[in-house]
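A look at the structure
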Amino acid sequence: KDFKNVLLEAEDGIATLTINRPKSLNALNSDTLTEIGEALDVVKNNEDAVKVLIITGSGEKAFVAGADISQMRDMNPIEASELSKLAHNSFGKIEDLKQFTIAAVNGYCLGGGLELASSCDIRVISSKAKFGQPEVTLGIIPGFGGTQRLTRLVGRGKAKEMIATGTMIDAKEAYRVGIAEEVAEPEELINKATEIAKTIMKNGLIGVGMAKYVIDRAADLPLDTAIDFETQMWSQTFATEDQTEGMTAFLEKRHANFTNK
Ligand code: HXC
């Protein structure tokens with residue numbers, strides 16, 4: 001499918017979804033949010049070809065500078081609610097993918113951009129990237145998950161500080177507070193994300209997908225229920241060929257050849 005606002009490419013098992021409106025710093029309008037959802041459906045339906053997904057922004061300046069303010073200005077509450085639900089639908093698809101997702105944050109990562117990055121499994125960021133939830137500077141609050149996903153990443157205090165001040169933090173601070181797992185020089189960003197993707201792809205991908213699922217689905221459950229859920233999912237990995245191969249390879253002192261079955 002030909003998209004207008006995003007690019008979807010795949011090579012060697014790694015798909016890259018690029019938000020591609022560089023003139024407006026990749027701001028998310030409703031068409032872009034819709035296309036993100038459609039592109040994620042393509043990724044979901046091509047599990048054999050795509051093992052890991054990298055999400056990034058076009059151009060050197062921005063990952064995504066937020067929801068599109070020019071589209072939002074004249075919205076009424078019903079239209080705003082529809083936009084928020086559209087974003088939740090698309091961002092929820094990232095979490096629902098079996099494939100692991102890496103946000104490669106190449107620049108400004110603001111508002112809806114930080115909410116998009118927060119929906120990915122991990123964030124690899126450029127040392128020049130800047131992060132913020134500036135919604136209150138526009139008279140609104142985060143509406144694409146920012147009050148919730150950012151809070152789960154950094155804790156309530158830091159989330160409240162970022163959301164109430166609306167100011168930006170740099171890459172060092174983003175790494176310090178747990179928004180980012182890795183920091184790379186700008187020209188090394190995609191290499192770094194690709195390297196992580198390749199390391200993940202050497203592993204049994206049923207296990208990778210299941211671990212992601214258990215972590216996300218059980219995150220908000222009471223600990224005893226969550227642990228019980230883990231036991232159930234863990235025991236199911238013993239029904240896979242990957243488990244037999246992984247353990248046999250270890251005992252035979254060789255690399256495992258996972259078939260993801
Ligand atoms: C629409 C945007 C935009 C946005 C940038 N642009 N961000 N258009 N929506 N979020 C456009 C600018 O209008 C400008 O268009 C072009 O991109 C380049 O941006 P400049 O401002 O000229 O660049 P610069 O001076 O370098 O400043 C970069 C910036 C600034 C600091 C990132 O653009 C900025 O503050 N943007 C807004 C960030 C923001 O508030 N985001 C949160 C949005 S609310 P022209 O046509 O003039 O070249 C949000 C809420 C989500 O995300 C949930 C709601 C439901």
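Criteria and cut-off values
Residues numbered from 1 in each chain as written. Predicted model: local features only at pLDDT ≥ 70, side-chain atom pairs only at ≥ 80, totals over all residues. Heavy atoms only, no water. Near = heavy atom within 4 Å. Polar contact = N/O pair within 3.5 Å; in protein donor to acceptor, adjacent residues only side chain to side chain. Areas by Shrake-Rupley, 256 points an atom, 1.4 Å probe, with all protein chains shown as cover. Pairing = 2+ DSSP bridges. Helix = DSSP H or I, 4+ residues; strand = E, 2+ residues; numbered from the N terminus. Buried < 20%, exposed > 50% of the residue type's maximum accessible area, 1.4 Å probe, protein only. Axes fitted to C-alpha atoms, helices over the stretch in contact; angles between N-to-C directions. Parallel < 35°, antiparallel > 145°, perpendicular 65-115°, else oblique. Left-handed = near helix turned anticlockwise from the far one by under 90°. Contact = heavy atoms within 4.5 Å. Nonpolar A, V, L, I, M, F, W, Y, C, P; charged D, E, K, R; others polar. Core = buried A, V, L, I, M, F, W, Y, C linked by side-chain atoms within 4.5 Å.

Turning our attention to the site of the ligand. Around the ligand, 22 residues are found, and the nearest of them are K61, A65, A67, I69 and G112. The backbone of I69 places a nitrogen or oxygen atom 2.9 Å from a nitrogen atom of the ligand. Interatomic distance of 2.8 Å between a backbone N/O atom of G112 and an oxygen atom of the ligand. Considering the ligand on its own, with 1,000 Å² of exposed area, one finds that the protein chains cover 63% of that surface.

We now examine the sheet that holds strand β9 (residues 169-170). One open sheet accounts for four strands, arranged β4-β6-β8-β9; its pairing is mixed. The outermost strands of the open sheet, each flanked by one partner alone, are β4 (62-64) and β9.

Attention shifts here to the pairing of strand β7 (residues 122-126). Most of β7 sits out of view: five of its five residues are buried. What you see with β7 is no split at all: I122, V124 and S126 on one side and R123 and I125 on the other are buried throughout. Across four bridges, strand β5 (residues 100-105) lies against β7 in parallel orientation. Across the sheet, residue V105 finds its bridge partner in β7, namely I125. Here β7 pairs with strand β10 (residues 182-184) via three bridges, running parallel. When the bridges of β10 are listed, S126 appears paired with A184.

Glancing now at the sheet that holds strand β2 (residues 14-19). Where strands meet in a sheet, backbone hydrogen bonds hold them as pairs that are either parallel or antiparallel. Taken in spatial order, the six strands make up an open sheet running β1-β2-β3-β5-β7-β10, and their pairing is mixed. Across the chains shown, the open sheet's two edge strands, defined by having one partner strand only, are β1 (6-11) and β10. Looking at each pair of strands side by side, their axes are set apart by 20° on average, direction ignored. Both β1 and β2 contribute to a ladder of six bridges, which runs antiparallel. Counterpart to A10 in the pairing with β2 is A15.

Looking now at the packing of helix α5 (residues 146-154) against helix α6 (residues 156-165). Closest axis-to-axis distance for the α5/α6 pair is 7 Å, and the angle between their directions is 130°. Judged on the interaxial angle alone, α6 and α5 are oblique. You can see that α5 and α6 cross each other, and the crossing is right-handed. On α6, the residues that touch G146, T147, L150, T151 and V154 of α5 are R156, K158, A159, M162 and I163. A per-class count over the contact of α5 with α6 returns five nonpolar, three polar and two charged.

Notably, N26 is not glycine yet its phi reads approximately 60°, a positive angle. Examined against the element boundaries, N26 turns out to sit in the loop between β2 and α1 (30-44). What makes N26 buried here is its relative accessible area of 0%. The phi dihedral of K253 falls on the positive side, at around 55°, and the residue is not glycine. Within the secondary structure, K253 sits in the segment after α11 (241-251).

Time to look at the side chain of E135. With respect to the secondary-structure elements, E135 resides in the loop between β8 (130-132) and α5. With residues up to four places along the chain from it excluded, the contact list for E135 reads G111, G112, E115, I140, I141 and P142.

This part takes up the environment of A256. Within the secondary structure, A256 sits in the segment after α11. The spacing of A256 and T137 is 119 residues in sequence and 52 Å in space, taken between C-alpha atoms. The contact partners of A256, leaving out residues within four places of it in the chain, are E245, G246 and A249.

Turning our attention to the nonpolar core. Ranked by size, the top nonpolar core spans 43 residues in total, and within it F63, V105, F131 and I179 carry the most contacts. In terms of residue count, the dominant contributor to this core is α1 (five residues). Residue contacts for V105: discarding those within four places in its chain leaves F63, A117, V124, I125, S126, A129, F131 and L189. Counting residues in hydrophobic clusters, the runner-up holds 15 residues, among them I14, A104, L189 and I196.

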